[in-house]
Amino acid sequence: MPIQSIFPLFTTRCDSSAAPPPPPLLPPPGSSGSNKAAAGETANTPPPPPPAESDTAAAAAPAPPPPSPSDDDISKAAASVSSCPNPGPLETATWDVRRLVSLDTYDGVRVDISKQLSPYFACVHSFHLGTTMLPDGKNCSYGFTTQMNDEEGFMMARVDPERGTVDGRIHKALLGGIAMGKLQVGLSQEGQNDQLLGEIDIGAQTWTANLKYGSMGGGNVFGCNYFQAVSPKLAMGGEGMYIGANGNMLSSYTAKYLFDNGSENNNTDAAPAPGPEAPSYLAATYNAGQGMLSLNYKRAITAQRVNIGASLECSPMTLESQVMVGAEFNLTRSKMNVCIDGSGRIQSVLEAKLGREQGSPASLECSPMTLESQVMVGAEFNLTRSKMNVCIDGSGRIQSVLEAKLGREQGSPALNFAAELDHGKNVMRFGYGLNIGS
């Protein structure tokens, strides 16, 4: 079919006054004429130009390699982290051993009434009755304590009207958590025991330092300590302090070596695997001012189950020494602590859970109050709404405490009754206590 039959030609003069004719109508799609016309146009269309040499080289070049580990931010951060962990504050280097070899004991009756006034603020009323551990022959004391905690630190104040003292502490995070500022204040009526001490704790990846300055005992006090991780398992540090009241210069040096809790990992260069249980360690501290050497050993026999600790304090010049050994046994529903020192004093704590409720058990502590050696046996019985503790020592003294809850709600008051029978001394004591908490 000739192309003139599809697109008829029109001839128009430029100087003609007639309007130009309208454009021709296109044929319907799929007709043979349109296909042939399209084929003719394709045939008359010139071919595309050949590709340039740069385009050919770009197409033939291989894909770019993936980014190297050195370009990854995570890899850079991991490479910048040292294999030596932060050893923590020097004051807490041997805290685990002290917890195992010494128990906090008291006599008499203690009553604590606490109230949570807000999520960050609480107050406590403390009574200590029938005790022989207070100075000046007093047998009772009362204290009022307030404490406020938040994400950046805490503030605490305590007032003792009987002794006329005020104690306070302020801990505050500084520089975005890089440093911790501490302030300790103590005031009394006599003024002889007044103290004001400020401290700053600074820590980095492998070390922790502390600076302190203040007034204590009528003179200035300043000191510093430094604790550095030398290897993944070894940390060394020292502390120096000057007390202006008596002009003493105190210095001590500490070395701490960490062990693995288990014997499966034989790599002696790597740090112990982190976990909820503190690693086993051996620490040595030498106090140059007093000439005392202290060796502390803590071992996790079974992680979170059985822990043992031993402490040896000796004087290299006089050869006087004191040894203390403690053990802790954590079972599924019970826990027992035992501590024995070189003089034969035995301290034990037995805690048994007889109920399945959270927080149902309490602890039983039986320890002699003198340095005489004696053996003590204690037991604890936890019922649904009551608890009874019984302790018997080798001299025949019997101590018992009965605690009963007065309500079913959480935080209900608890009434305590205590009794002590000492047949050897013909002494009988009875007391009661009240615990009110929110």
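Quick notes on the rules
Residues numbered from 1 in each chain as written. Predicted model: local features only at pLDDT ≥ 70, side-chain atom pairs only at ≥ 80, totals over all residues. Heavy atoms only, no water. Helix = DSSP H or I, 4+ residues; strand = E, 2+ residues; numbered from the N terminus. Buried < 20%, exposed > 50% of the residue type's maximum accessible area, 1.4 Å probe, protein only. Contact = heavy atoms within 4.5 Å. Areas by Shrake-Rupley, 256 points an atom, 1.4 Å probe, with all protein chains shown as cover. Core = buried A, V, L, I, M, F, W, Y, C linked by side-chain atoms within 4.5 Å. pLDDT = per-residue confidence, 0-100. Salt bridge = Lys/Arg side-chain N within 4 Å of Asp/Glu carboxyl O. Pairing = 2+ DSSP bridges. Phe/Tyr/Trp six-rings, centres within 6.5 Å; stacked < 30°, edge-to-face > 60°.

**Student:** I would appreciate a short explanation of the overall build of the protein in the present structure.
**Tutor:** Counting its regular elements, the protein contains 5 helices and 23 strands. Here the protein, with 438 residues, has 25% of them falling under the buried criterion. The long-range fraction of contacts in the protein, counting pairs at least 24 apart against all pairs at least 6 apart in sequence, stands at 29%. A total of about 28,600 Å² of accessible surface is found on the protein, and carbon and sulfur atoms cover 61% of it.

**Student:** It is not clear to me how the nonpolar core should be interpreted in this structure. Could you clarify?
**Tutor:** Grouped together as the largest cluster of nonpolar side chains are 7 residues: Val97, Val101, Leu258, Tyr281, Ala283, Met324 and Cys339. Of all the elements in the fold, those that place two or more residues in this core are α5 (95-101) and β12 (280-287).

**Student:** I tried to follow the environment of tryptophan 207 on my own but got confused; where do I start?
**Tutor:** Locating tryptophan 207 in the fold gives a position in strand β8 (residues 207-216). Among the residues examined, tryptophan 207 registers a relative accessible area of 26% and is labelled partly exposed. Sequence separation of tryptophan 207 and proline 87 is 120 residues, and the distance between their C-alpha atoms is 6.5 Å.

**Student:** How should the confidence of the model for the protein be read in this particular structure?
**Tutor:** Detailed reading of the predicted coordinates is not advisable wherever pLDDT falls low. Averaged over the protein, the pLDDT score is 75; the fraction of residues at 70 or greater is 67%. This model gives residues 36-43 a pLDDT under 50, and the stretch forms 0 contacts once residues within four places in sequence are excluded. Across residues 358-374, confidence stays below pLDDT 50; counting only partners more than four residues off in sequence or on other chains, it has 53 contacts.

**Student:** Before we go on, may I ask you to explain the side chain of asparagine 337 in this structure?
**Tutor:** For asparagine 337, the location among the structural elements is in strand β16 (residues 334-341). Apart from residues no more than four positions distant in its own chain, asparagine 337 is found in contact with Leu100, Ala327, Glu328, Gln347, Ser348 and Val349.

**Student:** Sorry if this is basic, but what is going on with the environment of glycine 431 here?
**Tutor:** Among the secondary structure elements, glycine 431 is positioned in strand β23 (residues 427-435). Taking C-alpha positions, glycine 431 is 8.2 Å from glycine 108, a pair spaced 323 residues apart along the chain. Sequence-distant contacts of glycine 431, defined by excluding residues within four places in its chain, comprise Asn416, Phe417 and Ala418.

**Student:** Is there a simple way to explain the pattern of salt bridges in this structure?
**Tutor:** When the charged atoms of two side chains lie near each other, side chains of opposite charge can form a pair. Inspection of the entire model under this criterion finds 5 salt bridges. Close ionic contact of glutamate 328 with arginine 99 constitutes a salt bridge, the shortest N to O distance being 3.1 Å. With glutamate 328 in strand β15 (residues 321-330) and arginine 99 in helix α5, this pair connects stretches of sequence that are 229 residues apart. Take glutamate 328: its relative accessible area is 6%, and that puts it in the buried class. A salt bridge links lysine 172 to glutamate 152, with the shortest nitrogen-to-oxygen separation between them at 3.0 Å. On the criterion of sequence distance, the pair formed by lysine 172 in strand β5 (residues 165-174) and glutamate 152 in the loop between β3 (140-150) and β4 (153-160) is long-range, its members being 20 residues apart. On the accessibility criterion, lysine 172 (36% relative accessible area) is partly exposed.

**Student:** Would you mind going over the pairing of strand β6 (residues 179-187) with me for this structure?
**Tutor:** The side chains of a regular strand alternate, residue by residue, between the two faces of the sheet. Two strands pair when backbone bridges link them, and β5 and β6 are joined in this way by 9 bridges, in the antiparallel orientation. Bridging across to β6, arginine 169 finds its partner in glutamine 184. Hairpin connection, β5 to β6: the antiparallel pair is bridged by 4 residues, and leucine 175 has positive phi, about 55°. Sheet analysis places β6 next to strand β7 (residues 195-203), joined by 8 bridges and oriented antiparallel. Bridge assignment links methionine 180 to a residue of β7, and that residue is aspartate 201.

**Student:** I tried to follow the side chain of serine 252 on my own but got confused; where do I start?
**Tutor:** The residue serine 252 is located in strand β11 (residues 248-259) in this model. Not counting the four nearest positions on each side in its chain, serine 252 is found in contact with Gly238, Glu239, Thr285, Tyr286 and Asn287.

**Student:** I would appreciate a short explanation of the packing of aromatic side chains in the present structure.
**Tutor:** Under the criterion given, the structure shown has 4 aromatic pairs. Ring centres of phenylalanine 222 and tyrosine 242 lie 5.3 Å apart, and the angle between their planes is 35°; this geometry places the pair in the tilted category. On the criterion of sequence distance, the pair formed by phenylalanine 222 in strand β9 (residues 219-229) and tyrosine 242 in strand β10 (residues 234-243) is long-range, its members being 20 residues apart. When its relative accessible area of 44% is taken as the criterion, phenylalanine 222 is described as partly exposed.

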